[in-house]
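Given next are the chains, with one letter for each unit.
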Amino acid sequence: MRNRSHRSRAVLAVAAAVALLGVAACDATGGGSSASSGTRPSPKPTPVWDRSPDSMAAVGDSITRGFDACSVLSDCPEVSWATGSDPQVDSLAVRLLGATGAAERSWNYAVTGARMADLPGQMAQAATRRPELVTVMAGANDACRSSASAMTDVADFRAEFQDAMGTLRRALPRSQVYVSSVPDLKRLWSQGRGNPLGKQVWKLGICPSMLGDADSLGAAATLRRGQVRDRVKAYNQVLREVCSKDRRCRFDGDAVFDYHFGTDQLSHWDWFHPSRDGQARLAEIAYRTVTAREPVT
């Protein structure tokens, strides 16, 4: 009994000594914390969306070309919301890159009259510059046709936009894309229809599906304008859905469509396209979307 008790006390003493050594070892290394054991914290992942891109290209139609903002039936790219140099507009390029940077590292491939079917070709041109950001504003001319029945089919519009995005992605998988919604063409009609000069310019062929027979409030004209507005809303839904499937694409959340353009924001040549002030409002919307911490939902 005496020997067994002695052995038991010896075992307990050894176990206690081992435990004390373990505690001392932990204390010597700072209690086993990762900071003192030499393990570095994992680096923060690089954000998918860069809020300050270093170059940009613009694709689209007459709005991005500044059409009718400076003189009648003429492009005026210096007032473009996307890449213009006019200080009154303070374009997206100037806001992101500064005046000098915008002059050197922004490019405008939009074409007056272009429809969504033309966008893949514009994207291919833009990709040659390897921009970090591409802006898209297209779709108004798909609705602005000779008649409501001639508007681009929604399924075709979707396929063409997907083709444009695919063209860019095959060349530049990491470039970012800002997509503007199509403006509310019916609101532009309602704002401009009170101007006699504007209505004369409209007769030259500007958006007949919406602006034709501008003074008529009859059932047929009202139905036609409603069909055009509904088609624009459908186009915007396509832009939203296609863009949402691309991690580096941001849609404006219908901000341009919802903006209440007034006469100050409309060209005083045709009372339909954006004026300098209207271009500045488009630049504000784009800048807010591009630099937001989270995408618009």
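Structure: above.
Residues numbered from 1 in each chain as written. Predicted model: local features only at pLDDT ≥ 70, side-chain atom pairs only at ≥ 80, totals over all residues. Heavy atoms only, no water.

A. Examining the pairing of strand 1 (residues 56–60) more closely. By the criterion of burial, strand 1 is predominantly enclosed, with 5 of the 5 residues buried. Residues Met56, Ala58 and Gly60 of strand 1 are buried on one face, and the alternating residues Ala57 and Val59, pointing to the opposite face, are buried as well. Relative to strand 2 (residues 106–108), strand 1 is paired through 3 bridges, and the arrangement is parallel. Within strand 2, the position partnered with Met56 by the bridge is Ser106. In terms of handedness, the path from strand 1 via helix 2 (residues 92–105) over to strand 2 forms a crossover that is right-handed. Sheet topology places strand 1 next to strand 3 (residues 133–137); 5 bridges connect them, and they run parallel. Of the residues in strand 3, the one forming a bridge with Val59 is Val136. (Buried < 20%, exposed > 50% of the residue type's maximum accessible area, 1.4 Å probe, protein only. Helix = DSSP H or I, 4+ residues; strand = E, 2+ residues; numbered from the N terminus. Pairing = 2+ DSSP bridges. Right-handed = clockwise from strand over helix to strand, strands pointing away.)

B. Examining the pattern of salt bridges more closely. If you walk through the whole model with that rule in mind, you get 12 salt bridges. Between Arg158 and Glu241 there is a salt bridge, with the nearest N and O atoms lying 2.7 Å from each other. Here the residue Arg158 occupies a position in helix 5 (residues 154–171), and Glu241 occupies one in helix 9 (residues 219–244), the gap between them amounting to 83 residues. A salt bridge links Asp277 to Arg281; the nearest nitrogen and oxygen atoms lie 2.6 Å apart. Of this pair, Asp277 and Arg281 both sit in helix 11 (residues 276–291), 4 residues apart, which is roughly one turn of the helix. With a relative accessible area of 17%, Arg281 lands in the buried category. Through salt bridges that share partners, Asp54, Glu104 and Arg105 make up one connected network. (Salt bridge = Lys/Arg side-chain N within 4 Å of Asp/Glu carboxyl O.)

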